Amino acid sequence: MDLPEIQQQLREFAAERHWDPFHTPKNLVMALAVESAELMEHFQWLTPEQSLVVGDDPDLRQAVAEEVADVAIYLIRLADQLGIDLETAIRDKMKRNAEKYPVHLAKGNAVKYNRRKMPCREED
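Residues numbered from 1 in each chain as written. Predicted model: local features only at pLDDT ≥ 70, side-chain atom pairs only at ≥ 80, totals over all residues. Heavy atoms only, no water.

Trainee: What should I look at first to understand the side chain of H23 in this one?
Mentor: With respect to the helices and strands, H23 occurs in the loop between helix 1 (3-16) and helix 2 (25-41). Here H23 falls in the buried class, since its relative accessible area comes to 13%. Once you skip the residues sitting within four places of it in the chain, H23 turns out to touch A14, L28, R77 and Q81. (Helix = DSSP H or I, 4+ residues; strand = E, 2+ residues; numbered from the N terminus. Buried < 20%, exposed > 50% of the residue type's maximum accessible area, 1.4 Å probe, protein only. Contact = heavy atoms within 4.5 Å.)

Trainee: Looking at this model, I keep getting lost on the pattern of salt bridges. Mind explaining?
Mentor: For side chains bearing opposite charge, pairing can occur when the charged atoms are close. What the rule picks out here adds up to four salt bridges. Residue D80 pairs with R11 through a salt bridge whose shortest N-O separation is 2.7 Å. Remark: R11 occurs in helix 1 and D80 occurs in helix 4 (residues 58-82); sequence separation between them is 69 residues. (Salt bridge = Lys/Arg side-chain N within 4 Å of Asp/Glu carboxyl O.)

Trainee: What's the story with the environment of A33 in this structure? I'm lost.
Mentor: On the secondary structure map, A33 appears in helix 2. Here the alpha-carbon distance between A33 and Q7, two residues 26 residues apart in the chain, equals 20 Å.

Structure (C-alpha cells):
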C-alpha cells in the first residue's frame, strides 16, 4: 500500500468536491465511528464460528470489504488532517504493545495488560 499516494488521492478527491471545510478532525472521527458501526452491523448477530466464514460468501465479503475501505479512508484522512504519520504511529504502537504484551505473559490469553496478575518474582 502506497500510503502517501492514497493520502494525496484522498486530498484531491475532497478538494475537487470542496469537502475540506467538512473534513475537520471532529467530523472525520464521527464519520469513522459511523463507518465502524456499519462494519459491525455485518457481524452483529453472527456466532464466532459464523464470523470466521464471512469471506466464503462473495456478496457478504464484498459488503464487508466496502465498509473496511470506508473505515480505512476516514482513518487515513484523519491522520493526514492531523499531520500524523500513520506508518510511524502504527510501528511505534506495535513496539509499545510488544512491551505491554510480552509473549511469555500474553500467549494464549486475551487479558488486558493492566488486568493481568504478574507472576511472583523469586528473590535472590
